[in-house]
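# Report on the structure
In case you want the letters, here they are:
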Amino acid sequence: MQLDTKWLAEQGEDARLLTYVARGFSKHKPSKIAVAVSGGSDSKALLDLTVRWAKHAGLPLLAVTVDHGLRAQAADEAAMVAAYCASHDIPHSVLEWDGAAATGNIAAAGRDARYDLIANWAKMRGVGGVLLGHTLDDIAETFLMRLARKAGVDGLAMMDTQFERHGMRWSRPFWQQSRTDLRDYLRRHNVPWVDDPTNDDETHDRPKARKALDTLDGLGITREVL
């Protein structure tokens, strides 16, 4: 699908982010897409921007949230996303995973379950591609986490921006955008989001990596550099 440059020019400072959404599936152009959204700032911004672009492009759009069953607040967060989707006439589904029954590396198990659940859900609805809200910050955090685990060159390589898994196409359109960029967008349009308290829990690796990145910034080792 060709980019509508005239329409984009009319979107002002949002044009750049909308362009990345429109190019989310540059390798393949699905006839129906979905957004995986938790209610956090990254995925909420992705959803809001995709709603705008898909409506203009006349592309069917769905949204999906996975409740991992690990936090009592997750149900309320899913309900908030559902209310947003209802106000924009976007079909929304909540998929449940029994995280409390998982053993071993819970984060890894949850990630694998999330891809599997969403892929099966999407295929049943004729969705050809799913957008994910990972940002520049996620890529830098993942690099540090893998470095700490002594990963080799393949392990330290950047997350794929477009890929296939479980028979579904996935895209990370905001891999060059910072979390700050997306939160600025949400504030500009008065779109609320929720902050997952586990993002500040330093018993987990990702919050530790996030804190380390703030320290490394002072040495010139920024998220963009990584």
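Residues numbered from 1 in each chain as written. Predicted model: local features only at pLDDT ≥ 70, side-chain atom pairs only at ≥ 80, totals over all residues. Heavy atoms only, no water.

### A closer look at the overall build of the protein chain
- Secondary structure assignment for the protein chain yields 9 helices and 6 strands.
- Across the 226 residues that make up the protein chain, the buried fraction comes to 45%.
- For the protein chain, the exposed surface amounts to about 11700 Å²; the carbon and sulfur share of it is 52%. (Helix = DSSP H or I, 4+ residues; strand = E, 2+ residues; numbered from the N terminus. Buried < 20%, exposed > 50% of the residue type's maximum accessible area, 1.4 Å probe, protein only. Areas by Shrake-Rupley, 256 points an atom, 1.4 Å probe, with all protein chains shown as cover.)

### Quick word on helix α3 (residues 41-57)
- End to end, α3 covers 24 Å across 17 residues, agreeing with the expected 24 Å (1.5 Å per residue, within 8%).
- Looking at the residues trailing α3, positive phi occurs at G58, about 70°. (Expected span 1.5 Å × (residues − 1).)

### Quick notes on the environment of I118
- Within the element layout of this structure, I118 appears in helix α5 (residues 106-124).
- You can call I118 buried: its relative accessible area is 3%.
- In this structure the C-alpha to C-alpha distance between I118 and L95, which are 23 residues apart in sequence, comes to 7.8 Å.
- Aside from chain neighbours lying at most four places away, what touches I118 is A36, V64, V66, L95, V130 and W170. (Contact = heavy atoms within 4.5 Å.)

### Examining the pattern of salt bridges
- Applying the stated criterion across every chain yields a total of 10 salt bridges.
- Across the salt bridge formed by K6 and E10, the nearest N and O atoms sit 2.9 Å from each other.
- On the basis of relative accessible area, K6 is assigned to the exposed category, the value being 59%.
- Judged by relative accessible area, E10 falls into the exposed class, the value being 52%.
- R179 serves as the salt-bridge partner of D138, at 3.3 Å between the closest nitrogen and oxygen. Here D138 is found in helix α6 (residues 136-148), whereas its partner R179 is found in helix α8 (residues 179-188), with 41 residues between them in sequence. (Salt bridge = Lys/Arg side-chain N within 4 Å of Asp/Glu carboxyl O.)

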